[in-house]
Amino acid sequence: MEFDTIAAISTPLGEGAIAIVRLSGDEAIQIADKIFKGVGGKRLKDVPSHTIHYGHIIDPSSGQTVEEVMVTVMRAPKTFTREDVVEINCHGGLVSVNRVLQLVLTNGARLAEPGEFTKRAFLNGRIDLSQAEAVMDLIRAKTDRAMNVALSQMEGRLSKLIRGLRQAILETLAHVEVNIDYPEYDDVEEMTHNMLIEKALYVRDEINKLLQTSQQGKILREGLATAIIGRPNVGKSSLLNSLAHENKAIVTDIPGTTRDVIEEYVNVRGVPLKLIDTAGIRETEDIVERIGVERSREVLKKADLILLVLNYSEELTPEDEQLFEAVKDMDVIVIVNKTDLPQKIDMERVRELAGNWPIVTTSLLEEKGIDELEEAISSLFFTGAVEANDLTYVSNSRHIALLHQAKQAVEEAISGIEAGVPIDIVQIDLTRTWELLGEIIGDTVHESLIDQLFSQFCLGK
Amino acid sequence: MGYDAGSYDVIVVGAGHAGCEAGLAAARIGAKTLMITLNLDMIAFMPCNPSIGGPAKGIVVREIDALGGEMGKNIDKTYIQMRMLNTGKGPAVRALRAQADKFLYQHEMKKTLENQENLTLVQGKVERLIVEDGVCKGVITHTGAHYYAKTVVITTGTFLRGEIIIGDIKYSSGPNNQQPSIKLSEHLEELGFELVRFKTGTPPRVNSRSIDYSKTEIQPGDDVPRAFSYETTEFITDQLPCWLTYTTEETHRIIDENLHLSPMYSGMIKGTGPRYCPSIEDKIVRFHDKPRHQIFLEPEGRNTEEVYVQGLSTSLPEHIQRKILATIPGLEKAEMMRAGYAIEYDAVVPTQLWPTLETKIVKNLYTAGQINGTSGYEEAAGQGIIAGINAARKALGKEELILSRSDAYIGVLIDDLVTKGTNEPYRLLTSRAEYRLLLRHDNADLRLTEIGYKIGLISEERYQKFLAKKEAIEKEKKRLVSYIIKPTAQVQEVIRNAGGSELKDGIRAADLLKRPEMTYEHIKMLAPADVEIPPDVAEQVEIQIKYEGYIEKSLQQVERLKKMENKKIPEDIDYDAITGLATEARQKLKQVRPLSVAQASRISGVNPADISILLVYLEQGRIARVSNE
């Protein structure tokens, strides 16, 4: 296959102490050699495969040293992409890493597109279809600026929530500590198993709530699984095309993949939609028609959002009513399309069936009502779901992992209390919970327990 | 002026709780040791509470004993009351506390020092150190005596530029009106040491004959014989009680009205006081809602009527102190024998020390005890024995000893001091130890006797006894793991009586012991041993089996930490050469100069990203060295 050499910073920007610039392609080693100065004049083209080398990145145009690095050379085919791969390990810090990347690019590499390394691996037969999801994971939801703002607001709320939770644990810990370190003080109430389990259960419940929201957080990363449903000829394809217009669609066109697996992504005002079974829509026009209402329920189960399309110019049919019934417990936006034609539909009945769901009337043909639809989608996501339940999104997978660990720790504390383990030993698990929550917001200073101890209680000789 | 007063391996300046342990450890290891103190009558003096031990601190005393130190033995010979604290809680936080006969305590310690082989005890005031090319070679006293040594340990407590404050009266003094050490403090500054000003305080003492004990509650000692030292075999049975009373609304009113006379609030005291032992005026200001505060009346000894009024630490003027005492039930007619006072003193910023307690600025010079910013006799003694061991071992050309945070509270204490420093007098608390389930009162010998023996502070006889105990524990644990208890009527009855649910099937004795309601006593009945199991062995067996899961978890954490501890940082590392370190992290690392990556990660202001960078740098250095070879 003909491939040029691609390069990108393959570690998350701004996170982590080490950043890696990765090159893949036939010229990867050659390009790296142009800017790498190894110990004792060593050339990367001469080194064995899968070895790591210490040296400096030099700007060949000026001779200036740019960065101190470790360079890994991996030759095809035993690499991630099955091409020659060079990884330049730089110190963290955006500036120096970017300079290294710039040098690589000016010396012959092309900036990789998001997910392109994985794509190449995929195309070179390195990963199979079941791993294709990882491709999508890497591509992720393309977020625009507004999205980032929304995210950071949520992060702020998350950290506030966790701080509150940690403070509750800290006060409990301080209370236990006071009992231990000042046993003779009779004016501090002795912490009992009953008091402790109450706190521990509270903490567990709060962590559970946060974890539940992580589902929504996942949506931010992976896209809101969205199904377009409706009878034949109501305009589902037109709707898909409208949503996907102006290059907003992130269509994966990787050859050899079935369209069942790789879905289409569109970005609606910062909300990433993953359109489910678009192939079905395109090929047979109707998923319900194709697989039947019963089976379509299974498919619909995967959806986070349903776009139910009705025909303005036709009367409601029993099929329509069935569709309403099929999605009754889900988040739905009802779209009444074809307002360019004379009305035959009973809007009163539609409103009745829709209940609290938003209803948008459109004429996709005349491009009318699309703004309203986009508005409905984004408000459902940002204000509706978010504000109404006062939820805070946990979207970062590191945070989710830490929350799971914290939950495990507090559950161990609870089972310890139930088993009658002494409080000062149960407290080990509670402290661990506190520390894990602290890691989420980057605060694990142990000293704060002692501060709490002396501000909460009056002690001394 | 001046004369050569002789040469030693180790000189210890000061004979308080740190100095005594340092001097004894050095001499017992085999170093020719000199101890110099301002006043031979003040050896091992307790200027504050006449008490030793308590949570965390009591465990330190046990650790000192397991290393071959003296504090435990000395208090075992001189206590007036001994109690086990936190008996209702888990094994990790139990601790002994003794009320001391403070005069007897001093006399016993002095006798021990006087009779110690290799140890010379003299009175004198050290004013300067002999330092050549950054290496300490001895000390000079105010009388011009030049004592030379390979290593020097300074344990001058609160004497450095000490100042006593009562009301608006302030005068230069060490604790209890002893002469302060002013020139030595100035000399340390000359040598480049950064000093901080700390403050502590003490309450008034009253005459026991003037106390109406009928208005107080009695606090007796335990009626079971207890001891700190693993070597103590004789127990004091004739114990004296302490007494509990409370402040009243009237007390609080008087304090409120006279707050302006307190040097703490008038701005006269500038030193930082410890939060954990605030003065009574501090307590009333900070916790204004509390209607009353506890006051413990503690006898200072058997041959004195002086009583320590614990809880009433103050620096208010003497006449206000008298008024305050009169408001407390039982103390209405109390005769105040000594007034409470605050004391300010200089301490060495402890991040200037290596974890061996040797100073970074002057080689072969060690500091230990309150001079390092700690508070408490036990904290002082714990540092003292380590400084003594290391000063002696360095003088004798041996490798120095560093206890880790998972070895001992002493390890936690020293690591905290040299890694984080302290901005108030540092007190050990159980919460400072992340592995406190491993650092128990009951297993100090199992943790540290081996080390004490290797160093030469534990006798062969004691060591053999220790090994026998260890073996007995393992044997009994093994036995209980393999012993199956069958659900006989007798077994079911024992379990029922203990409040447990009956057995459905046979069960391993060890598993039955894990049930919260079961104790070793029960198991002994159900699974009788062929040999007599001594109580200290039974205790270990019970704790080790009962809390096996938690202990295992702690041990795993320790293992993870060990990996980072084993990543050593070369002493000559150039932090300026590491690109990418945050500015604050770089400054802190340059100041603390941690010996391992684990220690570096504990420095506040050094975040995980900095640690990663450091790891990469160290790894690069290692690879670069290998590829250069």
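Treat the numbers as computed from the prediction; the structure is a model and nothing was measured. (Residues numbered from 1 in each chain as written. Chains lettered and ligands numbered in written order. Predicted model: local features only at pLDDT ≥ 70, side-chain atom pairs only at ≥ 80, totals over all residues. Heavy atoms only, no water.)

Caption draft 1: Fine view of the overall build of chain B. Across its full length, chain B carries 21 helices and 22 strands. Relative to a compact globule of 629 residues, whose C-alpha radius of gyration would be 25 Å, chain B shows 26 Å and is just as compact. Expressed along its principal axes, the backbone C-alpha trace of chain B runs to roughly 85 × 80 × 50 Å. Put simply, 73% of the contacts in chain B that link residues at least 6 apart link residues at least 24 apart. On chain B, roughly 24700 Å² of surface is accessible, and the fraction owed to carbon and sulfur atoms is 50%. Here chain B carries 80 positive and 85 negative side-chain charges, and the mean point of each set is 3 Å from the other. (Helix = DSSP H or I, 4+ residues; strand = E, 2+ residues; numbered from the N terminus. Rg over C-alpha atoms; globule rule 2.2 N^0.38 Å. Contact = heavy atoms within 4.5 Å. Areas by Shrake-Rupley, 256 points an atom, 1.4 Å probe, with all protein chains shown as cover. Lys, Arg positive; Asp, Glu negative; His and termini not counted. Charge placed at Lys NZ, Arg CZ, Asp CG, Glu CD.)

Caption draft 2: Inspection of the overall build of chain A at higher detail. What chain A contains, in helices and strands, is 15 helices and 13 strands. Going through the 461 residues of chain A one by one, you find that 53% of them count as buried. Taking the intrachain contacts of chain A between residues at least 6 apart in sequence as the baseline, contacts between residues at least 24 apart amount to 69%. Carbon together with sulfur atoms contributes 48% to the accessible area of chain A, which is approximately 20900 Å² in total. (Buried < 20%, exposed > 50% of the residue type's maximum accessible area, 1.4 Å probe, protein only.)

Caption draft 3: Here's a closer look at the domain arrangement of chain B. The domain architecture assigned to chain B consists of domain 1 (3-201 + 344-455), domain 2 (205-340), domain 3 (469-549) and domain 4 (567-620). When each unit is reduced to the centre of its C-alpha atoms, the spacing between domain 2 of chain B and domain 3 of chain B is 45 Å. (Domains from an automatic or database assignment.)

Caption draft 4: Broad picture of the packing of helix 12 (residues 444-455) of chain B against helix 13 (residues 460-482) of chain B. Residues and elements named next belong to chain B. Closest axis-to-axis distance for the helix 12/helix 13 pair is 11 Å, and the angle between their directions is 145 degrees. Read as a crossing pair, helix 12 and helix 13 show a hand that is left-handed. Only E460, Y463, F466, K469, K470 and I473 of helix 13 make contact with helix 12, whose side of the interface consists of D445, L446, T449, E450 and Y453. Here the contact of helix 12 with helix 13 is composed, by residue class, of five nonpolar, one polar and five charged. (Axes fitted to C-alpha atoms, helices over the stretch in contact; angles between N-to-C directions. Left-handed = near helix turned anticlockwise from the far one by under 90°. Nonpolar A, V, L, I, M, F, W, Y, C, P; charged D, E, K, R; others polar.)

Caption draft 5: Layout of the sheet that holds strand 5 (residues 95-100) of chain B. All names here are of chain B. Judged by pairing direction, the sheet is antiparallel, and its three strands sit side by side in the order 3-5-4 without closing on themselves. Every interior strand has two partners, whereas the edge strands, strand 3 (51-53) and strand 4 (79-85), have only one. Direction aside, the axes of adjacent strands within the sheet are offset by 20 degrees on average. Pairing of strand 3 with strand 5 involves three bridges; the strand directions are antiparallel. Each bridged residue has a counterpart across the sheet, and for S51 the counterpart in strand 5 is Q99. (Pairing = 2+ DSSP bridges.)

Caption draft 6: A look at the UniProt feature "binding site: FAD" (unreviewed entry) in chain B. All names here are of chain B. UniProt's entry tags G14, A15, G16, H17, A18, G19, V126, S181 and Q370 with the feature "binding site: FAD" (unreviewed entry), counted in the numbering of this structure. Of the residues examined, H17 reaches a relative accessible area of 9% and is grouped as buried. Not counting residues up to four positions away in its chain, the partners in contact with H17 are A44, F45, M46, M71, Y105, Y377, A380 and A381. Only 2.8 Å separates the side chain of H17 from the backbone oxygen of F45, close enough to count as a polar contact. Tracing the backbone shows Q370 in the loop between strand 20 (365-367) and helix 10 (377-395). Residues contacting Q370, with those up to four places away along its chain left out, are G157, T158, T200, Y345, A347, S375 and A380. (UniProt positions renumbered as here; feature names shortened; annotations may be inferred. Polar contact = N/O pair within 3.5 Å; in protein donor to acceptor, adjacent residues only side chain to side chain.)

Caption draft 7: Looking closely at the environment of E315(A). All names here are of chain A. Structurally, E315 can be placed in the loop between strand 11 (305-311) and helix 10 (318-326). Through-space distance from the C-alpha of E315 to that of V268 is 30 Å; in sequence the pair is 47 residues apart. With near-sequence residues (within four places) excluded, E315 lies in contact with R231, D320, K344 and I345.

Caption draft 8: The arrangement of the nonpolar core in detail. Counting residues in each nonpolar core, the largest one holds 72 residues, and the members touching the most others are V10(B), V153(B), I386(B) and I410(B). In terms of residue count, helix 10 of chain B provides more of this core than any other element does, ten residues in total. If we ignore the near neighbours within four places in the chain, the residues touching I386(B) are L67(B), T356(B), L357(B), L401(B), L403(B), I410(B) and I414(B). V176(A), L196(A), I207(A) and W434(A) belong to the second largest nonpolar core, which has 45 residues in total. (Core = buried A, V, L, I, M, F, W, Y, C linked by side-chain atoms within 4.5 Å.)

Caption draft 9: Broad picture of the side chain of T155(B). With respect to the helices and strands, T155(B) occurs in the loop between strand 9 (145-154) and strand 10 (163-166). Here G14(B) takes part through its backbone oxygen, which lies 3.4 Å from a polar atom of the side chain of T155(B).

Caption draft 10: Region of the structure containing the sheet that holds strand 17 (residues 306-310) of chain B. All names here are of chain B. If you trace the six strands from one edge of the open sheet to the other, you get 14-15-16-17-13-18, paired in antiparallel fashion. At either end of the open sheet lies a strand with only one pairing partner, and these are strand 14 (217-219) and strand 18 (336-338). Averaged over all pairs of adjacent strands, the angle between their axes in this sheet comes to 35 degrees, without regard to strand direction. Note: strand 14 against strand 15 (residues 242-246), three bridges, orientation antiparallel. If you follow Q219 over to strand 15, its bridge partner there is C242. Its contacts with the sheet put helix 9 (residues 318-326) on strand 13 (205-207), strand 17 and strand 18, and the angle it makes with strand 18 is roughly 135 degrees.

Caption draft 11: Just the environment of L261(B), in detail. Residue and element names in this part refer to chain B. When you line up the elements, L261 lands in the loop between helix 6 (249-257) and helix 7 (263-266). A sequence separation of 302 residues divides L261 from K563, and the C-alpha atoms of the two residues are 55 Å apart. With sequence-adjacent residues up to four places away left out, L261 is seen in contact with G167, L316, P317 and I320.

Caption draft 12: A look at the side chain of T158(B). Residues and elements named next belong to chain B. Along the chain, the position of T158 falls in the loop between strand 9 and strand 10. Classification of T158 by relative accessible area gives buried; the value is 7%. For T158, the residues in contact, after removing those within four places along its chain, are P175, I343, Y345 and Q370.

Caption draft 13: Expanded view of the pairing of strand 1 (residues 3-13) of chain B. Residue and element names in this part refer to chain B. Both strand 1 and strand 9 contribute to a ladder of nine bridges, which runs parallel. Following the sheet pairing, V12 is matched in strand 9 by V153. Relative to strand 2 (residues 33-37), strand 1 runs parallel, the two sharing four bridges. Paired with V10 across the strands is T33, a residue of strand 2. In this region the chain leaves strand 1, passes through helix 1 (residues 17-29) and returns to the parallel neighbour strand 2; the handedness of that crossover is right-handed. (Right-handed = clockwise from strand over helix to strand, strands pointing away.)

Caption draft 14: Structural detail: the pattern of salt bridges. All names here are of chain A. One pass over the full model with this rule turns up 65 salt bridges over all chains. For R349, the salt bridge identified is with E321, shortest N-O distance 2.7 Å. Here the residue R349 occupies a position in helix 11 (residues 347-354), and E321 occupies one in helix 10, the gap between them amounting to 28 residues. By relative accessible area, which is 25% here, R349 ends up partly exposed. A residue is classified by how much of its surface remains accessible, and E321, at 29% relative accessible area, is partly exposed. (Salt bridge = Lys/Arg side-chain N within 4 Å of Asp/Glu carboxyl O.)

Caption draft 15: Summary view of the confidence of the model for chain B. Of the residues in chain B, 97% reach a pLDDT of 70 or more, and the chain-wide mean stands at 93. Interface scoring of the predicted complex returns ipTM 0.83; its pTM is 0.74. (pLDDT = per-residue confidence, 0-100.)

Caption draft 16: Geometry of the packing of aromatic side chains. Residues and elements named next belong to chain B. Taken as a whole and judged by the stated rule, the model has five aromatic pairs over all chains. Ring geometry for Y8 and Y147: centres 6.4 Å apart, planes at 50 degrees, overall tilted. Pair noted here: Y8 is in strand 1 and Y147 is in strand 9, with a separation of 139 residues, a long-range link. Overall, Y8 belongs to the buried group, its relative accessible area being 13%. For Y147, a relative accessible area of 10% translates into the label buried. Plain terms: the ring middles of Y213 and W243 are 4.6 Å apart, the flat faces sit at 40 degrees to each other, and that makes the pair tilted. A residue pair is termed long-range when its members are at least 10 positions apart, and Y213 in the loop between strand 13 and strand 14 and W243 in strand 15 qualify at 30 residues. When its relative accessible area of 18% is taken as the criterion, W243 is described as buried. (Phe/Tyr/Trp six-rings, centres within 6.5 Å; stacked < 30°, edge-to-face > 60°.)

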